[in-house]
Amino acid sequence: MSEVKISAVTRSEFGKGAARRIRRDSKVPGVLYGHGSDPLHLTLPGHELLLALRTPNVLIALDIDGKTNELAIPKSVQRDPIKGFLEHVDLQLVKRGEKVNVEIYVHTEGELAPGGNLLEHVLNALPVEAEATHIPESVTVSVEGLAAGDSVLAKDIPLPKGTKLGVDGETVVLQVLAAQAEEAPEGEAAEGEAAGEA
């Protein structure tokens, strides 16, 4: 798991106007919370934060006002729905060795059994408990040869050492659906519709 260093400054101005001014300077307002401490309002560099957030569950080493160093993971990220730029970020304070609950992406590899079946991701991300400085970015599951009606349960997914499931082991993560019957040729469909109208 990667650790990204970001310098942040505490902020004392709040509200929409203050947030707009921060964003105009290519920065992002954020809040750091956790461990029973009061929430700390921060201003973070927009470009560096955007790059860091490309890594799922990234561990951020915050240098706050050049005085304090804290570790945090992103918990909530708000983006502009149209332009996609960062509007606000909530960061959770973590300590080395501490266990945290996060979701990791489920990737698949391999080919399904022949027959045009469809693979449904019931869960795109798997809830797990992991050590804060060793959060896996994702897990990979083989779907080689799975046929219609087959499924992959949470307990069937190999997790990295030190990572535990955050859901019941019997939870369905992936399932294979039978291919839909092909549509009738256009001529037959038209006749059927005509018969239905009569």
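First, a word on what this report is: a plain description of the structure on this page. (Residues numbered from 1 in each chain as written. Predicted model: local features only at pLDDT ≥ 70, side-chain atom pairs only at ≥ 80, totals over all residues. Heavy atoms only, no water.)

In total, this model carries 1 salt bridge according to the counting rule given. A salt bridge links glutamate 170 to lysine 155; the shortest N-O distance between them is 2.7 Å. Within this pair, whereas glutamate 170 is found in the loop between strand S12 (164-165) and strand S13 (172-177), its partner lysine 155 is found in the loop between strand S11 (151-153) and S12, the two being separated by 15 residues in sequence. With a relative accessible area of 47%, glutamate 170 lands in the partly exposed category. (Salt bridge = Lys/Arg side-chain N within 4 Å of Asp/Glu carboxyl O. Helix = DSSP H or I, 4+ residues; strand = E, 2+ residues; numbered from the N terminus. Buried < 20%, exposed > 50% of the residue type's maximum accessible area, 1.4 Å probe, protein only.)

Below, the discussion takes up the sheet that holds strand S2 (residues 27-34). Within the closed barrel, the 6 strands sit side by side as S1-S3-S2-S6-S5-S4. Their pairing is mixed. Strand-to-strand twist across the sheet, computed as the mean angle between neighbouring axes with direction ignored, equals 45°. Where strand S1 (residues 3-10) lies against strand S3 (residues 37-45), 2 bridges are found, and the strand directions are antiparallel. Bridge pairing in S3 links threonine 10 to leucine 42. In the packing of helix H1 (residues 16-24) onto the sheet, contacts are made with S2, S3 and strand S6 (86-94), and the angle to S2 comes to roughly 120°. (Pairing = 2+ DSSP bridges. Axes fitted to C-alpha atoms, helices over the stretch in contact; angles between N-to-C directions. Contact = heavy atoms within 4.5 Å.)

Here we take up the sheet that holds strand S7 (residues 99-109). In space, the 4 strands of this open sheet follow the order S10-S7-S9-S12, with mixed pairing throughout. On the outer flanks of this sheet lie strand S10 (138-142) and S12, each paired with one strand and no other. Pairing geometry for S7 and strand S9 (residues 125-131), over 7 bridges, is antiparallel. Note on S9: the bridge partner recorded for valine 100 is alanine 130.

The next subject is the pairing of S13. Bridge count for strand S8 (residues 118-121) against S13 is 4 bridges, and the pairing is antiparallel. The residue of S13 that forms the bridge with histidine 121 is leucine 174. As judged from the 3 bridges shared by S11 and S13, these two strands associate in the antiparallel manner. Pairing of serine 151 across the sheet is with glutamine 175, part of S13.

Let us now look at H1. Regarding H1, the residues found buried are Ala18, Ala19 and Ile22. Within H1, the buried residues cover an arc of 100° as seen down the axis, which keeps them to one side. H1 presents Lys16 and Arg24 as exposed residues on the side facing more than 90 degrees away from its buried surface. Structurally, H1 contributes buried residues whose contacts are with S2 and S3. (Arc of directions from axis to C-beta.)

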